[in-house]
Amino acid sequence: MTPPQISIFTCSHNNPGHIAVVISSVLRQTFPHFEYFILESSTDGMTPGIIHNFTDPRIKIIDGDAHDESDLKNKYFPHARGKYIMILSDNDILMTDC
């Protein structure tokens, strides 16, 4: 397996209406060499179920408490293996050739 060139991070917090769209937009990328960290800290009961429905091996779901970029950088960036890091909000969408 080719190592990831890009590590993508999304903090998800109680956004069941949009999180599947975000994840799907990442998985539709034409460049396949990425890893995708989803930091799930929802309390709504719906969002975690939606996230866990995705089974792509590039996805790494982390049950955590990262609610902002400083938490993300301090706690989770050290896990990234990609040369580049992208932060994607849980209400963003990527174009397929991003």
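Whatever comes next refers back to the structure up there.
None of the values given here were measured: they were computed from a predicted structure. (Residues numbered from 1 in each chain as written. Predicted model: local features only at pLDDT ≥ 70, side-chain atom pairs only at ≥ 80, totals over all residues. Heavy atoms only, no water.)

## Concerning the overall build of the protein
A tally of helices and strands in the protein yields three helices and four strands. Going from N to C terminus, the protein has its helices and strands arranged as β-α-β-α-β-α-β. A globule of 98 residues ought to have a C-alpha radius of gyration of about 13 Å, and the protein, at 12 Å, matches this closely. For the protein, the spread of C-alpha atoms along the principal axes amounts to about 35 × 25 × 20 Å. Split into buried and exposed, the 98 residues of the protein put 39% on the buried side. (Helix = DSSP H or I, 4+ residues; strand = E, 2+ residues; numbered from the N terminus. Rg over C-alpha atoms; globule rule 2.2 N^0.38 Å. Buried < 20%, exposed > 50% of the residue type's maximum accessible area, 1.4 Å probe, protein only.)

## Section: the packing of aromatic side chains
The tally for this structure, following the rule as stated, stands at two aromatic pairs. On the basis of an interplanar angle of 5° and a centroid distance of 4.6 Å, the ring pair of Phe9 and Phe37 is categorised as stacked. Residue Phe9 is found in strand 1 (residues 6-12), and its partner Phe37 is found in strand 2 (residues 34-40); the two are separated by 28 residues along the sequence. Classification of Phe9 as buried rests on a relative accessible area of 0%. Since its relative accessible area comes to 3%, Phe37 is described here as buried. Between Phe9 and Phe77 the ring centres are 5.0 Å apart and the planes differ by 45°, which places this aromatic pair in the tilted class. Taken together, the residues Phe9 in strand 1 and Phe77 in the loop between helix 3 (69-76) and strand 4 (84-87) connect sequence positions 68 residues apart. Chaining the aromatic ring pairs together yields one cluster made of Phe9, Phe37 and Phe77. One residue, Lys60, lies across the ring of Phe37, its end atom 5.7 Å from the ring centre. (Phe/Tyr/Trp six-rings, centres within 6.5 Å; stacked < 30°, edge-to-face > 60°. Lys NZ or Arg CZ within 6 Å of the ring centre and 35° of its normal.)

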